[in-house]
Amino acid sequence: EGRMGLLAFLNEECVRPKGSDKTFVYKVQATNKDNPCFYRAKHAADHEFGIKHYAGTVMYDATNFVVKNMDTLPSDLQDCACL
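Residues numbered from 1 in each chain as written. Predicted model: local features only at pLDDT ≥ 70, side-chain atom pairs only at ≥ 80, totals over all residues. Heavy atoms only, no water.

### Things to note about the packing of aromatic side chains
Each aromatic ring pair is described using two quantities: the centre-to-centre distance and the angle formed by the ring planes.
Okay, so step 1: All chains considered together, the criterion is met by four aromatic pairs.
Okay, so step 2: Geometrically, the ring pair formed by phenylalanine 24 and phenylalanine 49 is edge-to-face, given 6.1 Å between the ring centres and 75 degrees between the ring planes. Of the two residues, phenylalanine 24 is situated in helix H2 (residues 21–32) and phenylalanine 49 in strand S2 (residues 48–53); the sequence distance between them amounts to 25 residues.
Okay, so step 3: Through pairs of rings, three or more aromatic residues link up here, namely Phe24, Phe38, Phe49, Tyr60 and Phe65. (Phe/Tyr/Trp six-rings, centres within 6.5 Å; stacked < 30°, edge-to-face > 60°. Helix = DSSP H or I, 4+ residues; strand = E, 2+ residues; numbered from the N terminus.)

### Here we look at the sheet that holds S2
Okay, so step 1: If you trace the three strands from one edge of the open sheet to the other, you get S1-S2-S3, paired in antiparallel fashion. Here the strands that pair on one side only, and so sit at the sheet edges, are strand S1 (38–39) and strand S3 (56–61).
Okay, so step 2: Summarising the sheet, S2 and S3 pair through six bridges and their orientation is antiparallel. Note that in S3 the partner of isoleucine 51 across the bridge is valine 58. (Pairing = 2+ DSSP bridges.)

### Structural notes on the pattern of salt bridges
Okay, so step 1: Across all of its chains, the model carries four salt bridges by this definition.
Okay, so step 2: Between glutamate 13 and arginine 16 there is a salt bridge, and its shortest N-O distance comes to 3.0 Å.
Okay, so step 3: Among the salt bridges present, the one from lysine 22 reaches aspartate 46, with a minimum N-O distance of 3.6 Å. In this pair, lysine 22 is assigned in helix H2 and aspartate 46 in the loop between S1 and S2, connecting sequence segments 24 residues apart. (Salt bridge = Lys/Arg side-chain N within 4 Å of Asp/Glu carboxyl O.)

Structure, rendered in C-alpha cells:
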C-alpha cells in the first residue's frame, strides 16, 4: 500500500467526528518527517507547515482546512431526504 498524500489525510480528518486542523498537520508531519519536500519550522503554530516546491518553499496555514473540506448536502437536498 502506498503512502497517503495530503488530500487523503484531509479527507480522513473530514470524516472523523472530532477531526481537526491540528490533527491533520500532526499526521502529515508524522508521515513525512523524513521527506525532504516537507517543511515545518521549529516554532511554527500547530496549523502551519510548508512544502518545498521547485520554485521554493510554500507555507500553508491549515486553519479551517477540515471545515472547508467537509462534504455537506445543500439544505434543499436534506429536506428531500427527510420526506
